[in-house]
Structures are given as structure tokens and as C-alpha cells.
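Breakdown of the fold
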Amino acid sequence: RPPDAGRATGDEDHLSAGHRRMLPFSRMGYAEKSLVAGESIVYRARHHWIFYRNGIFVLFLAALLGGATLYSSKESHDPTLTRWEGYLALAFVGIALLLLLGRWLRAQTDEFVVTDRRLLCSKGLVNRMHEQAPIDKIQDITINQTWIGGMLGYGDVVVETASERLGAFTFN
């Protein structure tokens, strides 16, 4: 494993076990590569499991369709109908896996990091976008949550800065 700035500075020592698990130390991300001397990571956020909701929903539909196919194969005397239901269920599984893979790849490349000097946000798989704001330039932080987001523990964090160019960016 290559050494990285996070492990070298020991910034993960004060994090809880749950947050320490979130730190992907097997690879150096944008945050570790852009740390300046003496800067350390204070917190690293990640996408909530709700980020995968579309793929999970399609996989659930595939399971329902697969169950219906099994049931109809026992009750129906037309094998052609159950064969097409089975193919449709497999197509739904394939679509769900593609959706889940795409979201997983995106979650692996997106970074939301707070250091002791600045906020860093890096998004995208192919078209990368990097945003950063010094802590002393932050004017306001707003948390947007729907009622279900409050119950499940997810939402968007909007950070407004004094920068004319950046203005505000969102951790979502």
C-alpha cells in the first residue's frame, strides 16, 4: 500500500470507528494529494445509502417479477409466457446491477472533506469538478433535509463563501 498523507499525520486517530471505516486509505484521493504542509483531515463524508435508491428499487422489482414468474410457472400451462417473464426479470436484474455499479463508481470517486484549514469537494467520474473553500471565508452553512431525510439521516449541506467566483457549493 502506498503511504498517504492521512496515515502519516495520524489525523484519523480521533475519529470514531464508524468514521474511520469510511476513510479509503487503500488509495490516495484528491484530498490527500492536495494537503499542504501541516494540514490534516478532520472529517470525511460519504454518500448515504439512499444514493443507491434507484438501483435498489429496480432490483426489488426484479425480485417481485422473479417471484411472480416462479409462481406462474407452477400454475400456468403455457411455458412461453413464463419464459418471457423470466427474461424480463433477468433484464431488470441487469439494469439494477448497471445502476448500482454506476452509483458505486461515483461514490468511490466523490470526496467531501473538511480539513483544519478548508473544505474540499471533488465530484465526478469522467468530468471531475474540484471545489475548495478556506474555513475563514465561509459565511454560512445551510443543511437542507426533507422530512424523510431527517428520519433516515441524509440531506444536502450548502456552504456559502465570501468568494465572488465560487459563492456557494453543495455537499449532496
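Residues numbered from 1 in each chain as written. Predicted model: local features only at pLDDT ≥ 70, side-chain atom pairs only at ≥ 80, totals over all residues. Heavy atoms only, no water.

Below, the discussion takes up the sheet that holds strand E4 (residues 129-134). Strand order across the open sheet formed by four strands is E1-E2-E3-E4, with antiparallel pairing between neighbours. One side of each edge strand has no neighbouring strand; the edge strands of this open sheet are strand E1 (41-45) and E4. This sheet shows a mean twist of 15° between the axes of neighbouring strands, independent of strand direction. Relative to strand E2 (residues 111-115), E1 is paired through four bridges, and the arrangement is antiparallel. Note on E2: the bridge partner recorded for Tyr43 is Val114. (Pairing = 2+ DSSP bridges. Helix = DSSP H or I, 4+ residues; strand = E, 2+ residues; numbered from the N terminus. Axes fitted to C-alpha atoms, helices over the stretch in contact; angles between N-to-C directions.)

Turning our eyes to something else, we now look at the packing of helix H4 (residues 53-75) against helix H5 (residues 79-109). Contact geometry of H4 with H5 gives a least axis separation of 8 Å together with a crossing angle of 165°. By the angle between their axes, H4 is roughly antiparallel relative to H5. In the packing of H4 onto H5, the handedness of the crossing is left-handed. Its residues placed into classes, the contact of H4 with H5 shows 15 nonpolar, eight polar and one charged. (Parallel < 35°, antiparallel > 145°, perpendicular 65-115°, else oblique. Left-handed = near helix turned anticlockwise from the far one by under 90°. Nonpolar A, V, L, I, M, F, W, Y, C, P; charged D, E, K, R; others polar.)

Here we take up the pattern of salt bridges. For side chains bearing opposite charge, pairing can occur when the charged atoms are close. As enumerated under the stated definition, the model contains four salt bridges in all. For Glu32, the salt bridge goes to Arg44, with nearest N and O atoms at 2.1 Å. Here Glu32, found in helix H3 (residues 30-33), pairs with Arg44, found in strand E1; they are twelve residues apart in sequence, far enough to count as distant. Accessibility assignment for this pair places Glu32 and Arg44 in one class, buried. With a shortest N-O distance of 2.8 Å, Arg118 and Glu39 are connected by a salt bridge. In this pair, Arg118 sits in strand E3 (residues 118-123) while Glu39 sits in the loop between H3 and E1, placing the two residues 79 residues apart along the sequence. Across the pair, Glu39 and Arg118 agree in class, each one buried. Taken together, the shared-partner salt bridges connect Glu32, Arg44 and Glu111 into one network. (Salt bridge = Lys/Arg side-chain N within 4 Å of Asp/Glu carboxyl O. Buried < 20%, exposed > 50% of the residue type's maximum accessible area, 1.4 Å probe, protein only.)

Here we take up the pairing of E4. When E3 meets E4, the two strands line up antiparallel, connected through six bridges. When the bridges of E4 are listed, Leu120 appears paired with Gln132. Between E3 and E4, which follow one another and run antiparallel, lie five residues, and Gly124 among them has a positive phi close to 105°.

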